[in-house]
Amino acid sequence: MEPMTLGQFATVVGASSRWVQNALRALALGRAYTAERAKILGLTREIHGAFGVPLVQAHQVARHALAVWPDRTVWRGDDAARVVALEVNVERYLSAYAVRLSLARNRYAERRRGRPAQRRKRGIAAARAYGVDIGLLRESLKRTPAERLRRLDQDVEFLGTLRVAEP
Amino acid sequence: MITRLVEADVEFVVIGGLAARAHGSVRITEDLDICYNPTAENVGRLAGTLRDWNPYLRNVDPGLPWTMDERAFRDTPVMTLITDHGAIDLMDRVDGVGDYAEVYAAAIPVASDRVTFRALDLPGLLKAKRATGRPKDRDQIPELEALMQLRRRRAR
């Protein structure tokens, strides 16, 4: 898998890029944006946010908690006097983490900086200049939506046969 | 996939490439993007239908645990999945358009060979493509704008 950008990493953690940068600095961690680090930092953030545990301690707890999986699905830590306990549903956390990881890898888009470039042309002329075949669009518009979707099925099937034929 | 979702009474709107294709785009898309109604009953129907297709998170190592239940939809409403029938992206709102109610209002019925479903209309698709900022979405904007103009001409 390709290394993540800060934005992707923040998506996996479930936080803003600013929070991630501050947390990495507070924890004296470098700028390696890996999935494994995002997994620990995401749980650190949950523990820190839910219980007000200082970030450094929350990070230690997160590491301990994640280490029990897959042998156990829940981690429980008691204080020295066994008066207060903290319980982490590791499996539930990992499930949400996996969804965010998938999102970061499939749908994440880097934010564009500055104003988007203004296009002077719009519509057919702009599309033609961009390389769109307007003739194909005109032909497509002569068909019903059902016919267009049927064609899509045929195209996808054809693509599938091409993939099978590839060495 | 659309047929099964409709048959299961799942409330959803088709967005993305397949909706564009229904409106006249000539691009090939292999995945289905839907915006679903996030009510508990509908999420239950959606999750129940998806479970039959052996879904898992796309581009994620298979070793991670993943529970697809109502709570998962509440905690992480946007999911990118791969199933026995292909890739499907689920979301409860669409950037540039709004939440499910707004997406539904901006959708029109589309009749396929088997079922009728709702698909985001061309202006809605354009708003969504402009809002996401992903290169593959930006690439489609000129084609959608041309389709809008061609449709206006045909309507005259």
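Residues numbered from 1 in each chain as written. Chains lettered and ligands numbered in written order. Predicted model: local features only at pLDDT ≥ 70, side-chain atom pairs only at ≥ 80, totals over all residues.

This next bit is on the overall build of chain A. The secondary structure content of chain A amounts to eight helices and two strands. Scored against the burial criterion, the 167 residues of chain A give a buried share of 29%. (Helix = DSSP H or I, 4+ residues; strand = E, 2+ residues; numbered from the N terminus. Buried ≥ 20, exposed ≤ 12 C-beta atoms within 10 Å, placed from the backbone.)

Summing up its helical and strand segments, chain B has eight helices and nine strands in all. A compact globule built from 156 residues should have a C-alpha radius of gyration of about 15 Å, and chain B, at 16 Å, falls within 12% of that. The dimensions of chain B, computed from C-alpha atoms along their principal axes, are 55 × 30 × 25 Å. In chain B, once contacts between residues fewer than 6 apart in sequence are set aside, the share between residues at least 24 apart is 59%. (Rg over C-alpha atoms; globule rule 2.2 N^0.38 Å. Contact = placed C-beta atoms within 7 Å.)

This paragraph deals with helix α6 (residues 122-132) of chain B. Every α-helical turn comprises 3.6 residues, leaving residues that sit three or four positions apart pointing alike. Looking at α6 of chain B, one finds that the buried residues are L122, G124, L125, L126, A128 and K129 of chain B. Buried residues in α6 of chain B make contact with β1 (12-15), α2 (16-22), β6 (93-94), β9 (116-120), α7 (135-138) and α8 (141-155) of chain B.

Let us look at the domain arrangement of chain A. Much of the literature gives interface size as the accessible area that the parts lose upon coming together. Here the domain parsing of chain A yields domain 1 (6-106) and domain 2 (123-165). Taken over C-alpha atoms, the centre of domain 1 of chain A sits 45 Å from the centre of domain 2 of chain A. (Domains from an automatic or database assignment.)

What follows concerns the sheet that holds β9 of chain B. The strand order β3-β4-β5-β2-β1-β9-β8 (chain B) describes an open sheet built from seven strands, whose pairing is mixed. Edge positions in the sheet fall to β3 (56-57) and β8 (107-111) of chain B, since each has one partner strand and no second. (Pairing = 2+ DSSP bridges.)

Moving on: helix α5 (residues 90-106) of chain A. The first and last C-alpha atoms of α5 of chain A sit 24 Å apart over 17 residues, in line with the 24 Å expected at 1.5 Å per residue. Counting buried positions along α5 of chain A gives 13 out of 17 residues, so the element sits mostly inside the fold. (Expected span 1.5 Å × (residues − 1).)

The subject of this paragraph is the nonpolar core. Side chains of a nonpolar character, in soluble globular proteins, are inclined to be buried together. Of all hydrophobic cores here, the largest spans 80 residues; its most connected members are V13, V14, I34, C35 and L120 of chain B. Among the elements that take part in this core, α5 of chain A stands out by supplying nine residues, more than any other. When residues of this core are assigned to domains, at least three map to each of domain 1 (6-106) and domain 2 (123-165) of chain A. Setting aside chain neighbours within four positions, we find C35 of chain B in contact with F12, V13, I15, M91, D92, R93, V94, Y100 and V103 of chain B. (Core = buried A, V, L, I, M, F, W, Y, C linked by C-beta atoms within 7 Å.)

So, on to the pairing of strand β5 (residues 86-91) of chain B. Residue and element names in this part refer to chain B. With four bridges joining them, strand β2 (residues 32-36) and β5 adopt parallel strand pairing. Counterpart to L32 in the pairing with β5 is I88. Strand direction decides the pairing type here: strand β4 (residues 79-83) and β5, joined by five bridges, are antiparallel. The residue of β5 that forms the bridge with T83 is G86. Two successive antiparallel strands, β4 and β5, enclose a turn made up of two residues.

Turning our eyes to something else, we now look at the environment of D99 of chain B. Residue and element names in this part refer to chain B. Position of D99 among the secondary structure elements: in strand β7 (residues 98-99). Taking the number of C-beta atoms within 10 Å as the measure of exposure, D99 has 13 and is therefore partly exposed. The spacing of D99 and R118 is 19 residues in sequence and 15 Å in space, taken between C-alpha atoms. Excluding residues that lie within four positions of it along the chain, D99 makes contacts with D92 and R93.

Taken N-terminus to C-terminus, the directions of helix α6 (residues 123-130) of chain A and α8 of chain B make an angle of 145 degrees; their axes are 7 Å apart at the nearest point. Judged by the twist between their axes, the crossing of α6 of chain A over α8 of chain B is left-handed. In this structure, α6 of chain A contributes G123, I124, A126, A127 and Y130 of chain A to the contact, and α8 of chain B contributes P142, E143, E145, A146, Q149 and L150 of chain B. (Axes fitted to C-alpha atoms, helices over the stretch in contact; angles between N-to-C directions. Left-handed = near helix turned anticlockwise from the far one by under 90°.)

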